Amino acid sequence: MLPPECETALQQLDAFRRGDLPPEEMQSLRGHLDACRRCFSFKLHEEAMLDRLVAAARNSRCPEELRATIYQMIAKESRDN
Ligand SMILES: [Zn+2]
């Protein structure tokens, strides 16, 4: 079981990242992250995972763009001929 202050800190992480927390809660969460290795490393892992998700989403868009480019090339060719 997590200590209550860690539970609170982890629940506030999303809002913290968006900058949606009131300033004094930002302050106390930042202080907790500095002092608590567990929450700090959780935050790092979560951010690494988010980065990977964003990168994956970016990659999965590529084939569609490629397909669109190919369609345009085909359309252009059939128009030229
Ligand atoms: Zn903690």
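Residues numbered from 1 in each chain as written. Predicted model: local features only at pLDDT ≥ 70, side-chain atom pairs only at ≥ 80, totals over all residues. Heavy atoms only, no water.

## Structural notes on the side chain of K43
Now for step 1: When you line up the elements, K43 lands in helix 3 (residues 37-80).
Now for step 2: Each residue touching K43, except ones within four places of it in the same chain, is listed here: L13, F16, R17 and L33. (Helix = DSSP H or I, 4+ residues; strand = E, 2+ residues; numbered from the N terminus. Contact = heavy atoms within 4.5 Å.)

## Regarding the pattern of salt bridges
Now for step 1: The tally for this structure, following the rule as stated, stands at five salt bridges.
Now for step 2: The partner of R17 in a salt bridge is E46, and the shortest N-O contact between them spans 2.3 Å. In this pair, R17 sits in helix 1 (residues 4-18) while E46 sits in helix 3, placing the two residues 29 residues apart along the sequence.
Now for step 3: R17 sits in the partly exposed class, given a relative accessible area of 28%.
Now for step 4: We note a salt bridge from R18 to D20, for which the minimum N-O separation is 3.0 Å.
Now for step 5: Assessed through its relative accessible area of 56%, R18 is described here as exposed.
Now for step 6: By sharing partners, the salt bridges in this structure join D14, R17, K43, E46 and E47 into a single network. (Salt bridge = Lys/Arg side-chain N within 4 Å of Asp/Glu carboxyl O. Buried < 20%, exposed > 50% of the residue type's maximum accessible area, 1.4 Å probe, protein only.)

## Details of the nonpolar core
Now for step 1: Judged by nonpolar contacts, C6, A9, L13, A15, F16, L21, M26, L29, L33, C36 and C39 together constitute the single largest core of 11 residues.
Now for step 2: Where this core is concerned, the elements lending two or more residues are helix 1 and helix 2 (23-35).
Now for step 3: A per-element tally of this core places helix 1 first, with five residues. (Core = buried A, V, L, I, M, F, W, Y, C linked by side-chain atoms within 4.5 Å.)

## Overview of the confidence of the model for the protein chain
Now for step 1: Looking at the protein chain as a whole, the pLDDT averages 88, with 95% of positions reaching at least 70.
Now for step 2: Taken element by element, the predicted model of the protein chain shows its lowest mean pLDDT in helix 3 (83) and its highest in helix 2 (96). (pLDDT = per-residue confidence, 0-100.)

## Re the coordination of the zinc ion
Now for step 1: Distances from the zinc ion to its protein donors, C6 (SG), H32 (NE2), C36 (SG) and C39 (SG), fall at 2.0 to 2.3 Å.
Now for step 2: Bound by four donor atoms, the zinc ion shows angles of 99 to 113 degrees at the metal and therefore tetrahedral coordination geometry.
Now for step 3: Within one chain, the residues serving as donors to the zinc ion are arranged as C-x25-H-x3-C-x2-C. When sorted by exposure, C36 lands in the same class as C39, which is buried. (Donors = N, O, S within 2.8 Å, 3.2 Å for Na, K, Ca; no water. Tetrahedral: all angles 85-135°; square planar, octahedral: opposite > 155°, others 65-115°.)

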